[in-house]
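Listed below are the residues making up each chain.
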Amino acid sequence: MAKRVLIKFSGEALANEDGHGIDSKILKFIASEIKPLVEAGVEVGLVVGGGNIIRGVNASKEGIIRRSSGDYMGMLATVINAIALQEALEHFGLKARVQSAIKMAEICEPFIMRRAIRHLEKGRVVIFAAGTGNPFFTTDTAATLRAVEIGAEMIIKATKVDGVYDKDPHKYPTAKKLPHLTYDEALQDNIKVMDDTAIALAKDNQLPIIVCNMFEKGNLYDIIVNNNYSKCSIVSDTRSENET
Ligand code: GTP
């Protein structure tokens, strides 16, 4: 069992059926997937994207909103999602704290690494909001950075697909799932795991990246508590003995 993990959820995946807003059913599902992890003694840090509300790149593509401003808008979107997740976790009886990379003291705590670790040690889920606090970085990079800072054993990218493919599985029916990749393989252009900054940071720190489907019930538990990696992809330079 992993002792401490960082799970990154896609913001887009929180959306209602029309692709916007926050769907309470999905919040409930996520909280119900996190609860057994905490009960098993895993220390859980979370990062959530903001794509259900706004994406910096899209907001700035008409040239009216500058990219940096678009990115700040995206960071604020992640704070909205983080607060929603905090509520959902507390609704399920967990203790949760939101820490933001951009100070907004009325809403949540500021990000303080040592305090975040203390929360984790006390069994609280810590949700890291507002990305890295800087434009031109993604929430994947923020998640990797926080994972390294809190000493997580792995970063889990919980998304809508069940792993990493050699090409886009939605476009190419022949796309092949890759159960294990090295960091250098993950950095190749056709492989979309995370952006290069996030992968490079993971590589520098030998932090394994796991990509899995967040909607498959029990999947996170299987990976984190049972060390069962059959339904995900792993990016690392070494293979664990439980890998198939
Ligand atoms: P311990 O000190 O380990 O007991 O942690 P704690 O988080 O329970 O204690 P603290 O007294 O620091 O915080 C109590 C509550 O206030 C928690 O829900 C925190 O998330 C919240 N809190 C702490 N600092 C801030 C802040 O700067 N802004 C906001 N909005 N809430 C804060």
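Scroll up to find the structure this text is about.
Everything in this summary refers to the structure shown in the same document. Residue positions are counted from 1 within each chain, in the order its sequence is given. Where totals are concerned, whole chains, interfaces and linings use all residues; where local detail is concerned, this predicted model gives features only for residues with pLDDT of at least 70, and gives and counts side-chain atom pairs only at 80 or more. Side-chain measures were taken over the full set of non-hydrogen atoms in the model, leaving aside hydrogen atoms and water.

### Digging into the site of the ligand
If a single non-hydrogen atom of a residue is within 4 Å of a molecule or strand, that residue counts as near it. Taken together, Arg-97, Ala-105, Glu-106, Ile-107, Cys-108, Glu-109, Pro-110, Arg-115, His-119, Lys-122 and Arg-124 are the residues near the ligand. With respect to the ligand, the backbone of Cys-108 contributes an N or O atom lying 3.0 Å from a nitrogen atom. Measuring from an oxygen atom of the ligand, one finds a side-chain N or O atom of Glu-109 at 2.7 Å. To measure how exposed things are, a 1.4 Å probe is used in the Shrake-Rupley method; for residues, cover is taken only from the protein chains shown. About the coverage of the ligand: the protein hides 53% of its 620 Å² of free accessible area. Those elements that provide at least two residues to the shell around the ligand are strand 4 (109-110) and helix 4 (113-121). Three classes are used: nonpolar for Ala, Val, Leu, Ile, Met, Phe, Trp, Tyr, Cys and Pro, charged for Asp, Glu, Lys and Arg, and polar for all others, with Gly counted as polar. Residues belonging to the shell around the ligand are distributed by class as follows: four nonpolar, one polar and six charged. Each polar contact in these results corresponds to two N or O atoms within 3.5 Å; when the atoms are within protein, one needs to be able to donate a hydrogen and the other to accept it, and residues that are neighboring in sequence are counted only if both atoms are side-chain atoms. Labels follow the DSSP assignment, with helices taken as runs of H or I lasting at least four residues and strands as runs of E lasting at least two, numbered in each case from the N terminus.

### Points about the pattern of salt bridges
Side chains that differ in charge, positive against negative, can pair when their charged atoms come close. We define a salt bridge as a contact between a side-chain nitrogen of Lys or Arg and a carboxyl oxygen of Asp or Glu at a distance within 4 Å. If you walk through the whole model with that rule in mind, you get 17 salt bridges. The partner of Glu-43 in a salt bridge is Lys-3, with the nearest N and O atoms 3.4 Å apart. Placement of the pair is Glu-43 in strand 2 (residues 43-48) and Lys-3 in the segment before strand 1 (4-9), with a sequence separation of 40 residues. One network of salt bridges, in which partners are shared, links Lys-3, Arg-4 and Glu-43.

### Considering helix 4
The set of residues buried in helix 4 consists of Ala-116, Ile-117, His-119 and Leu-120. Buried residues of helix 4, viewed axially, fall in a sector of 155°; they line one side. The contact criterion used is simple: two residues touch if any of their non-hydrogen atoms lie within 4.5 Å. Looking at the buried side of helix 4, the elements it contacts are strand 1, strand 2, strand 3 (96-100), strand 4, strand 5 (125-129) and helix 5 (139-149). Backbone geometry just downstream of helix 4 places Gly-123 in the positive-phi region, at approximately 85°. Residue burial is assigned from relative accessible area. The probe radius is 1.4 Å, only protein chains are included, and a residue is buried under 20% of its type maximum, exposed over 50%, and partly exposed in between. Note: the arc covers the axis-to-C-beta directions of the helix.

### Digging into the sheet that holds strand 10 (residues 209-213)
Strand pairing is assigned whenever DSSP detects at least two bridges linking the two strands. Spatially, 4-3-5-2-1-6-10-11-9 is the arrangement adopted by the nine strands of the open sheet, whose pairing is mixed. Each edge of the open sheet carries a strand with a single partner, namely strand 4 and strand 9 (180-181). Where strand 9 and strand 11 (residues 232-235) come together, two bridges link them in parallel fashion. Looking across to strand 11, one finds that Leu-181 is bridged to Val-235.

### Let's talk about the nonpolar core
Here, the term nonpolar core denotes a set of buried Ala, Val, Leu, Ile, Met, Phe, Trp, Tyr and Cys residues that are joined through side-chain atoms within 4.5 Å. Ile-7, Phe-9, Ile-34, Val-44, Leu-46 and Ile-224 are the most contacted members of the largest nonpolar core, which totals 46 residues. Excluding its chain neighbours within four sequence positions, the residues that come into contact with Val-44 are Val-5, Ile-7, Ile-34, Leu-37, Val-38, Leu-120, Arg-124, Val-125 and Val-126. Residues Ala-186, Met-194, Ala-198 and Val-235 belong to the second largest nonpolar core, which totals 27 residues.

### Considerations on the pairing of strand 6 (residues 154-159)
The element strand 6 is extensively covered by neighbouring structure, given that six of its six residues are classed as buried. Side chains Met-154, Ile-156 and Ala-158 project from strand 6 onto one buried face, and the interleaved Ile-155, Lys-157 and Thr-159 project onto a second face that is buried too. Two elements, strand 1 and strand 6, share five bridges in a ladder whose sense is parallel. Note on strand 6: the bridge partner recorded for Leu-6 is Ile-155. Where strand 6 lies against strand 10, five bridges are found, and the strand directions are parallel. For Ile-155, the partnering residue across the bridge sits in strand 10 and is Ile-209.

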